[in-house]
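Structural characterization, general
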Amino acid sequence: MITYLNILIDSPEFLAQLIINGLLVGAIFALIAYGLALAWGVMDIINFAQGEFVIFGGYITYTLFYQFGIHPILTIPIVALVLYALGLIIYKTIISRLLGQKDIFITILATFGLAILMQQLMQAIFGPDVVTADPRLGMLKLFDGSILISNIQIVSFIIAISVGILLFVVMKYSRFGQTIRATAQNPRAAGILGIDIDKVYANTFAINTALCGIGGSLVVMVWTIHPFIGLVYTFRSFMIVILAGLGNFMGIIYSGMGISALENVTGFVIGAEFQAAVIFCLLVIILVTRSIRARRKRQYLE
Amino acid sequence: MIKRVLSTAVKALVLSGLMISPAAMADTIKLGAAVSLSGKYSTAGNHTQKGYDLGVKYVNGMGGVVVDGKTYDLEIVYYDDESTPARGASLAERLILRDGVSFMLGPYSSGLTKAIAPVTEAHGVPMVEANGASRSLFNQGYKYMFAVLSTSEQYLQEAVNQIAIKAGKPASEITVALAIENDPFSQDIRAGVMDDANRHGMTIVIDDKLPRDLSDMTSTLVKVKALKPDLLVVSGHSKGAALSVRQMKDLGVSVNMLAMTHCESAKLHDKEKFGNLADYALCAAQWAPSVTSEGAVFGTAGNYSAIFDGEYGYVPPYQAAESSAAVIVMADAITRANSLDKDAVRDALAATDLSTFYGQIKFSEAGNNIAKPMILRQLIDGKYYVVAPANVATDELVYPRP
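Residues numbered from 1 in each chain as written. Chains lettered and ligands numbered in written order. Predicted model: local features only at pLDDT ≥ 70, side-chain atom pairs only at ≥ 80, totals over all residues. Heavy atoms only, no water.

**Re the overall build of chain A**
Each helix and strand counted, chain A has twelve helices and two strands in total. Compactness check: chain A gives a C-alpha radius of gyration of 20 Å against a globular reference of 19 Å for 302 residues, within 12% of the reference. Dimensions of chain A, computed from the C-alpha atoms along their principal axes, are close to 65 × 60 × 35 Å. A buried classification covers 53% of the 302 residues belonging to chain A. If you take every contact in chain A between residues at least 6 apart in sequence, the share linking residues at least 24 apart comes to 77%. As displayed, chain A has an accessible area near 13,900 Å², and 69% of this comes from carbon and sulfur atoms. (Helix = DSSP H or I, 4+ residues; strand = E, 2+ residues; numbered from the N terminus. Rg over C-alpha atoms; globule rule 2.2 N^0.38 Å. Buried < 20%, exposed > 50% of the residue type's maximum accessible area, 1.4 Å probe, protein only. Contact = heavy atoms within 4.5 Å. Areas by Shrake-Rupley, 256 points an atom, 1.4 Å probe, with all protein chains shown as cover.)

**Let's talk about a nonpolar patch on the surface**
Where nonpolar side chains cluster on the molecular surface, the patch consists of Ile165, Phe168, Val169 and Tyr173 of chain A and spans about 390 Å² of accessible area. Tracing the backbone through its elements, the reader meets Ile165 of chain A in helix 6 (residues 151–173). (Patch = residues over 30% accessible without salt bridge, like charges linked within 9 Å, V, L, I, M, F, W, Y side chains within 5 Å. Salt bridge = Lys/Arg side-chain N within 4 Å of Asp/Glu carboxyl O.)

**What about the domain arrangement of chain B?**
All names here are of chain B. Domain annotation of chain B identifies domain 1 (2–150 + 291–362) and domain 2 (154–285 + 375–388). Summarising the inter-unit geometry, the C-alpha centres of domain 1 and domain 2 are found 33 Å apart. In this complex, domain 1 contributes ten residues to the contact, which on the side of domain 2 involves ten residues. Approximately 950 Å² of surface area, both sides summed, lies buried where domain 1 meets domain 2, with 54% of it carried by carbon and sulfur atoms. For domain 1, the biggest contributors to the area lost against domain 2 are Arg135, Ser150 and Tyr318; these three give 48% of the whole. Counting the contacts that link domain 1 with domain 2 gives one salt bridge. Linking Arg135 and Asp188 is a salt bridge whose minimum nitrogen-to-oxygen distance equals 4.0 Å. Counting the contacts that link domain 1 with domain 2 gives two residue pairs in polar contact (both at pLDDT 80 or more). Residue composition of the side of domain 1 that touches domain 2, by class: four nonpolar, four polar and two charged. (Domains from an automatic or database assignment. Buried area = accessible area lost by both parts, 1.4 Å probe. Polar contact = N/O pair within 3.5 Å; in protein donor to acceptor, adjacent residues only side chain to side chain. Nonpolar A, V, L, I, M, F, W, Y, C, P; charged D, E, K, R; others polar.)

**So, the state of the cysteines**
All names here are of chain B. For the structure on display, the rule yields one disulfide over all chains. In this model, Cys263 is linked to Cys283 through a disulfide, with the two sulfur atoms separated by 2.1 Å. Between Cys263 and Cys283, the S-S torsion sits near -90 degrees, and that sign places the bridge as left-handed. Within this pair, whereas Cys263 is found in the loop between strand 10 (257–260) and helix 9 (271–274), its partner Cys283 is found in strand 11 (residues 282–285), the two being separated by 20 residues in sequence. Residue classification places Cys263 among the buried residues on the basis of a relative accessible area of 2%. (Disulfide = S-S within 2.5 Å.)

**Some thoughts on the environment of Leu83 of chain A**
Residues and elements named next belong to chain A. When you line up the elements, Leu83 lands in helix 4 (residues 76–93). Accessibility expressed as a relative area gives 0% for Leu83, which makes it buried. If we skip the residues at most four places from it in the chain, Leu83 touches Phe53, Phe56, Gly57, Ile60, Ala206, Thr209, Ala210 and Gly213.

**Regarding empty space enclosed by the protein**
In this approach the atoms are scanned with a rolling probe the size of a water molecule, which exposes any empty space left behind. All names here are of chain A. Using the criterion set out here, one finds five cavities of 30 Å³ or more in the structure. Looking at the largest cavity, the residues that line it are Ala27, Ala30, Leu31, Tyr34, Ala160, Ile161, Gly164, Phe249, Ile252 and Ile253. Counting residues per element, the ones that place at least two in the lining of the largest cavity are helix 2 (12–43), helix 6 and helix 11 (249–270). When residues in the lining of the largest cavity are grouped by element, the largest group, four residues, is from helix 2. Residues belonging to the lining of the largest cavity are distributed by class as follows: nine nonpolar, one polar and no charged. (1 Å grid on protein atoms, 1.4 Å probe; cavity = no way out; pocket = protein on both sides within 12 Å on 5 of 7 lines; lining within 4 Å. Points joined across faces, edges and corners; volume = space filled by probe spheres on them.)

**Considerations on the interface of chain A and chain B**
With 39 residues of chain A at the contact, the number on the chain B side is 42 residues. Linking chain A to chain B there are four salt bridges. Here Asp129 of chain A makes a salt bridge to Lys267 of chain B, at a shortest N to O gap of 2.5 Å. At the surface where chain A touches chain B, the tally comes to 17 residue pairs in polar contact (both at pLDDT 80 or more). Counting residues per element, the side of chain A that touches chain B draws most heavily on helix 2 of chain A, which supplies five residues. The residue makeup of the side of chain A that touches chain B, split by class, is 22 nonpolar, 13 polar and four charged.

**Digging into the sheet that holds strand 7 (residues 175–181) of chain B**
All names here are of chain B. Spatially, 8-7-9-10-11-16-17 is the arrangement adopted by the seven strands of the open sheet, whose pairing is mixed. Each having just a single partner strand, strand 8 (203–210) and strand 17 (383–388) make up the two edges of the open sheet. On average, each strand axis in the sheet is inclined to that of its neighbour by 25 degrees, with strand direction left out of account. Pairing of strand 16 (residues 375–380) with strand 17, which is carried by five bridges, proceeds in the antiparallel orientation. The residue of strand 17 that forms the bridge with Arg377 is Val386. Relative to the sheet, helix 5 (residues 157–166) contacts strand 9 (231–235), strand 10, strand 16 and strand 17, its axis offset from that of strand 10 by approximately 170 degrees. (Pairing = 2+ DSSP bridges. Axes fitted to C-alpha atoms, helices over the stretch in contact; angles between N-to-C directions.)

**Some points on the sheet that holds strand 5 (residues 127–129) of chain B**
All names here are of chain B. If you trace the six strands from one edge of the open sheet to the other, you get 2-3-1-4-5-6, paired in mixed fashion. This sheet does not close on itself; its edge strands, each paired only once, are strand 2 (65–67) and strand 6 (145–147). Strand after strand, the sheet turns through a mean of 30 degrees between neighbouring axes, direction not considered. Sheet strands touched by helix 2 (residues 42–61): strand 1 (28–35), strand 2, strand 3 (70–80) and strand 4 (103–105). Its angle to strand 3, the strand with the most contacts, is close to 170 degrees.

**Some thoughts on a positive patch on the surface**
Residues and elements named next belong to chain A. A cluster of basic residues, Arg290, Arg293, Arg296 and Lys297, forms a positive patch on the protein surface. Examined against the element boundaries, Arg293 turns out to sit in helix 12 (residues 272–296). Arg293 gets classed as exposed once you look at its relative accessible area, which sits at 54%. (Lys, Arg positive; Asp, Glu negative; His and termini not counted. Charge placed at Lys NZ, Arg CZ, Asp CG, Glu CD.)

**Remarks on the packing of aromatic side chains**
For the structure shown, the criterion picks out 26 aromatic pairs over all chains. Between Phe48 of chain A and Phe112 of chain A, the ring centres sit 6.3 Å apart and the planes meet at 65 degrees, which makes this aromatic pair edge-to-face. Of this pair, Phe48 of chain A sits in the loop between helix 2 and helix 3 (50–68) while Phe112 of chain A is found in helix 5 (residues 104–126), placing the two residues 64 residues apart along the sequence. Taking relative accessible area as the criterion, Phe48 of chain A reaches 12% and is therefore assigned buried. Between Phe65 of chain A and Tyr66 of chain A, the aromatic rings sit 4.8 Å apart at their centres with planes inclined by 55 degrees, giving tilted as the arrangement. No difference in accessibility class separates Phe65 of chain A from Tyr66 of chain A, as the two residues are buried. Directly above the ring of Phe29 of chain A sits Arg236 of chain A, whose terminal nitrogen or CZ lies 4.5 Å from the centroid. The ring of Tyr4 of chain A is capped by Lys223 of chain B, whose NZ or CZ atom sits 4.4 Å from the centre of that ring. (Phe/Tyr/Trp six-rings, centres within 6.5 Å; stacked < 30°, edge-to-face > 60°. Lys NZ or Arg CZ within 6 Å of the ring centre and 35° of its normal.)

**Focus: helix 3 (residues 85–97) of chain B**
In an α-helix there are 3.6 residues to a turn, and that puts residues three or four apart on one side. Residues and elements named next belong to chain B. Under the 1.5 Å per step criterion, the end-to-end length of helix 3 is 18 Å for 13 residues, consistent within 8% with the ideal 18 Å. Of the positions making up helix 3, those classed as buried are Gly88, Ala89, Leu91, Ala92, Leu95 and Ile96. For helix 3, the angular spread of the buried residues around the axis is 165 degrees, confining them to a single face. Residues Ala86 and Leu97 are exposed on helix 3 and point more than 90 degrees away from its buried face. The inward-facing, buried residues of helix 3 abut strand 1, strand 3, strand 4 and helix 4 (110–122). (Expected span 1.5 Å × (residues − 1). Arc of directions from axis to C-beta.)

As structure tokens, this is what we get:
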């Protein structure tokens, strides 16, 4: 452990490599987490099938790439559309029945069941093999090649961030975004003022699944996927949202990128088997301090 | 009218079925098998099932099994264990109690075998298993379980011996990095590699245990880049194999010797998917079509490969070959026991010393096969070449990795 720490101190290029890598891929996690936060904040649905939508998106990119020869980056709009449509269907069949449930476990159980169903279906359709869709874009060498970054990570970073910003702008300034925000604030009042709540919910959930799909396209280009790896992305996005807080757009980006960079560095110093543990410990510490701080400022709800 | 004709026809069918079936049943020996046909092991589970089917087909084709002057055909009763150990155990119970099988073939994977073995043991049902290599299976004192394959700690030991020969420096200066998944099977592989590396006096510079939900290996691989070990050992099922070669390229990591497991199940040889990313990697295998072993049922290893290819349209992975071997071993033991008694067959199995296309098979007291070595193959341009151990090697190991 000390030896590994010394390496980072003696050769800062490895530290830089770990951090840059983490920041770049962290944006992908942030995108998926943004979707989760959207559905959670607007509809009060914690979607535990988040990761499965990600993997499904990845499989679509993979299939379009290998079966139809479409460049993986160009598949992203197709994936987004397919996942949007899938999101609408899932909303109509499952999610709409969960709205307004007092017991949060019913939501979790239902979406978790959906996750298992999707895993098995993906395995039946795409097979259980580990797949990757490498766009072979080459490398970027920094500082005389002491830091190597594959271009696909840079491209996926740019895509993730621009999709996030685009959505942020839509939410903030468009009429459509206004209806979503109004519904999130007070669904009943929004309904009285003529907003079709059901339509807003359906669209919100579909936007979430579309974001997952885009995330999945990026995941299959940067790493590898198989039908049973979805939970990693569900948990990571859940963690990012908890850390950032609901409705905190910049917070999601920061914590998404920060967790990944931290994970790389801790993995390097104390070993891959502890990197998840360290992140979870950190999460606990942050939540505890936050609740202590909140207790100090306790006041009545207005 | 039509209804009446149909119902008569159905009755006739049922009656004839009833009349034939007792006779047909008397002529078959039922073997039970719970195999992963769905869930995360389904690819390998399907190879297993095909191996069993082909084994049964050829054993039956060669006259079946003769017990007390009477000829029996083998028949397998299959269940899908959905890749879950609990399901596997209850299906084993069902096979023995409901379906009345007296002999079992193993499931796929060490985990499932570990779940099923206590059940077969409790009922005194002999089981020949072909896909559970974890050495923790063989220190439980099981009396009715026999495994045709090499145990897991042997998987990559040969790579350690090879780096000792090839590195061109004293063993004490050789550095080894381990990136091995945190599950019982992979950790057995690690233990084997550690034993041999320590015996040679090599230094382990990285010893990372990869999480089961492995999605990113950046931190481990940057460490490899920083410490430049002579040998990198990666074992994390097919996801570990695929992810490591993919990320080694993205991070610009190179080592002189890369030894892995599961190259074949990860399809690293598929150039359309992985290009030449995995070139010159050393891959552990239980068996390859090019090994020089032969037996009565399928002839040579090459011959088995051709038969399997003709039947299913692809070259058999070792998971299929060892499964066929398990059927051969079971048939051989029942023939030698000359009885359908479970204990008689168990004793015959313990005394097995059989040459097969899969290799020599002879069981230790613990039930593992001690007569067959693991082999190491080098992947070059989409093809595997057997490079170690020396007595079965067909090609020279290329070192260092260019």
